[in-house]
Structure formats: structure tokens, C-alpha cells
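Working through the structure, step by step
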Amino acid sequence: MDSHLHTLLKRLESEAAVLVMVASTQGSVPREAGTWMAVFAGSVVGTIGGGHLEYEAVERARGMLLPAYDGLGAIPVRVALGPSLGQCCGGVVHLEFEPVTQAMSAVLAERLRPARLPVALFGGGHVGHALAQVLAGLPFALTWIDSRDGVFPDPVPEGVICEHSDPVQVAVGDLAPGSHVLIMSFSHAEDLDVVSACLQRQREKGDLPFVGLIGSRSKWATFRQRLEARGFTAAELLHVTSPIGIPGISGKEPAVIAVAVAAQLLQVTGEVRALGTGKRLA
């Protein structure tokens, strides 16, 4: 469960709060629709973007921590982000203020649980460890897979599911539909088998939107020849992204590679979501 949501539900056991939700937006704004914060008498959980927008929202919410507001439901408020607010974004944020109590915990847990896209990470090496740490804090449901014993950290990053699979490529058949796959095992032989299994699944089901392979262009050139020998067409091989990571970041340190790969994944999944909703994601 998202840490902010967990904190909110725990705090509601002893005190009420006002949930402030970004219901919709127009133009340039700090945060997207669905963003929320919970305002308690002495603290705030989450954020709707900071600045005067958040300051005034917190003040308004604290004024609603009164019995008179219990049971009134969500109260909409339109906020223009202009000079009068001390912000120059120029957009409009539609907020909803809703008093919440422990009795609403089950509903809130379902309503506020963040949607997470499935990601499969093959490889528990140095880059895999760094990448798992980064992805754990992003809107992904991460499954981390390796053929070796004892490679996963203890404790595992919160929310990450670890799987042992030997041979490792067998795990491809069990991936959640829509999984974005990142391949960086300890050997080129395993990498090749995982890529091949992903392409075979893509051929049969077409449900792996992104298959990314770590390595150099020369590595991919060799893999391409071997995959063609296994019967995959040039068009099918276009589905593999290699090397992975956004361009322009040349560092080889695991943490640097992890950030570059995570950024690329955010770009790719943003495009996928936009295609699915008909909207461009902020």
C-alpha cells in the first residue's frame, strides 16, 4: 500500500481529517487530477503541489475540522493559479474538500489506492538492485526475477515481489498482461533466453508493451542475429529497446543507469496511458 495512504488510515484511528483532492485541472498546474492530501489538526499527509495553493487549501481544510461539516460530503472549490494567489502557473485547479473519519477507512483504502502498472525486472545484480529501489517509489507494481538464490536484499523494497525462476525465461509466461519488461541478468545467455521468450509471448498474445534490454549497441547487434536465427522477423525485433535508458546520460554507475532507465519507463508508460485515455499526461 502507498505509504501516504497507510499513514492516513493509521491516523484516522485516532483523529478525523479533511481529504483535499485535485478533482480536475485546466492549463498549467502543479499536480494532476487524482492527487490528494489529508489535513489533520496538526499535520498534513501528502501534497497537492505546495506553494500558496497548498497553504490556502490547508487553512480551508482545517476550518472544516468541525462537527458541523460531518456528513456533508465533498465540497468543490475552484482555484485560479494567478497573481492573486501568488502563483504564476496560469492554470485552474478544481479541488474537493471532504471530511473523513475512521468509519470511511475501507472506502478510502479502495478509492485512494494508486493505480500501478506492472513491471518485470529480470536480474538481481548491482544495476537491478539500484533500479528496484528507484522503481519501488514510482507508480509501478514491480516483480523482480532471478535464477539465483540469495540475490535479493533483505528487506526487499516495499511493495516489490521477488521470484526465483530456473530457468529464468519460464517466468515470462506468468507475467501479468501489460507488463513492461526490463532485462539485465547476470549472463548474456540468460538475457537472450528472456528476450526470446518475451518476443514469443508478444507474437502469441501481444500483451507486453515494452521489452528493454541492458547493454551496448554491439551486444544488441549480436542478439539480433541470434534471434533472427531463432525465427524472429525484423519487424518483431523492433519491439525490443536496446540499449535502455533515456539518451544523453553517459554514466555507468548503477544508480545513474537506474535513474536513466526509470525515466525512460516513465516516458513510455506515460505514452501508453495517454493512448488508452485519449489524453496527454502531464
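This section reports on the structure supplied with the text. (Residues numbered from 1 in each chain as written. Predicted model: local features only at pLDDT ≥ 70, side-chain atom pairs only at ≥ 80, totals over all residues. Heavy atoms only, no water.)

**Focus on the layout of surface pockets**
Quick note on the threshold: Residues are called lining when one of their atoms sits within 4 Å of a cavity or pocket point, these points coming from a 1 Å grid over the protein atoms alone, where a cavity is a set in which a 1.4 Å probe fits but cannot get out and a pocket is an open set with protein on both sides within 12 Å along at least five of seven lines. Grid points are joined across faces, edges and corners, and a volume is the space filled by probe spheres set on the points. Comment: elements are numbered from the N terminus, with helices defined as DSSP H or I runs of at least four residues and strands as E runs of at least two. The nonpolar class holds Ala, Val, Leu, Ile, Met, Phe, Trp, Tyr, Cys and Pro. Asp, Glu, Lys and Arg form the charged class, and all remaining residues, Gly among them, are polar.
Approximately 480 Å³ is the volume found for the second largest pocket. Examining the composition of the lining of the second largest pocket, we find that 3 residues originate from one element, helix α8 (residues 254–277), more than from any other. Counted by class, the lining of the second largest pocket contains 9 nonpolar, 6 polar and 2 charged residues.

**What to know about the sheet that holds strand β5 (residues 92–100)**
The condition is simple: By definition, two strands form a pair when at least two bridges between them are found by DSSP. Interaxial angles span 0 to 180 degrees and are taken between N-to-C directions of axes, which are lines fitted to C-alpha atoms, for helices over the stretch in contact.
Sheet architecture is open: 5 strands sit in the order β3-β2-β1-β5-β4, paired in antiparallel fashion. Of all strands in the sheet, those bounded by a partner on one side alone are β3 (44–46) and β4 (75–80). Sheet twist, expressed as the mean angle between neighbouring strand axes with direction ignored, is 25°. Sheet topology places β4 next to β5; 6 bridges connect them, and they run antiparallel. Looking across to β5, one finds that Pro 76 is bridged to Glu 96.

**Concerning the environment of Pro 30**
Inclusion rule: For the exposure calls, accessible area comes from a 1.4 Å probe over protein chains only, and a residue counts as buried if that area is under 20% of its type's maximum, exposed if over 50%, partly exposed in between.
With respect to the helices, strands and loops of the structure, Pro 30 is situated in the loop between β1 (17–26) and β2 (36–39). On the basis of relative accessibility, which here comes to 31%, the residue Pro 30 falls in the partly exposed class.

**Details of the side chain of Thr 143**
Quick note on the threshold: Contacts are residue-level and defined by heavy atoms, with any inter-residue pair within 4.5 Å sufficient.
Here Thr 143 lies in strand β7 (residues 140–146). Taking relative accessible area as the criterion, Thr 143 reaches 17% and is therefore assigned buried. Ignoring sequence-local partners within four residues, the contact set of Thr 143 consists of Val 119, Ala 120, Leu 121, Ile 161 and Glu 163.

**Points about the pairing of β1**
Remark: a regular strand shows side chains that alternate across the two faces of the sheet. In this structure, β1 lies alongside β5, joined through 9 bridges in antiparallel fashion. Looking across to β5, one finds that Val 22 is bridged to Leu 95. With 4 bridges connecting them, β1 and β2 associate as antiparallel partners. Bridge assignment links Val 18 to a residue of β2, and that residue is Val 39.

**A word on the side chain of Thr 35**
So the rule is basically this: Pairs of N or O atoms are called polar contacts if they sit within 3.5 Å, as long as, within protein, a hydrogen donor faces a hydrogen acceptor (for residues adjacent in sequence, only side-chain-to-side-chain pairs).
Residue position: Thr 35 is located in the loop between β1 and β2. At 2.8 Å, the side chain of Thr 35 and the backbone oxygen of Glu 32 are in polar contact. If near-sequence neighbours (up to four positions away) are discounted, Thr 35 is found in contact with Val 20, Met 21, Val 22, Thr 47 and Ile 48.

**Some remarks on the nonpolar core**
Definition in use: The set of buried Ala, Val, Leu, Ile, Met, Phe, Trp, Tyr and Cys residues whose side-chain atoms join them within 4.5 Å is what this entry labels a nonpolar core.
Ranked by size, the top nonpolar core spans 24 residues in total, and within it Phe 122, Leu 175, Val 181, Ile 183, Cys 198 and Leu 227 carry the most contacts. Broken down by secondary-structure element, the contributors of at least two residues to this core are β6 (117–122), β9 (180–183), α5 (188–205), β10 (210–213) and α6 (217–229). With 6 residues, the top contributor of residues to this core is α5. Those residues in contact with Ile 183 that sit more than four places away from it in its chain are Phe 122, Asp 191, Val 194, Val 195, Cys 198, Val 211, Gly 212, Leu 213 and Ile 214. By size, the runner-up hydrophobic cluster in this structure holds 21 residues, among which are Leu 121, Ala 130, Phe 140 and Val 261.

**A word on the pattern of salt bridges**
This is how it is decided: Between Lys or Arg on one side and Asp or Glu on the other, a salt bridge is scored when a side-chain nitrogen of the former is within 4 Å of a carboxyl oxygen of the latter.
Under the defined criterion, the tally for this structure stands at 10 salt bridges. With a closest N to O distance of 3.9 Å, Glu 32 and Arg 31 form a salt bridge. We classify Arg 31 as partly exposed; its relative accessible area is 30%. Arg 230 is the salt-bridge partner of Asp 193, the closest N and O atoms lying 3.2 Å from each other. One end of the pair, Asp 193, is in helix α5; the other, Arg 230, is in the loop between α6 and α7 (234–237), with 37 residues separating them in the sequence. We classify Asp 193 as partly exposed; its relative accessible area is 24%.

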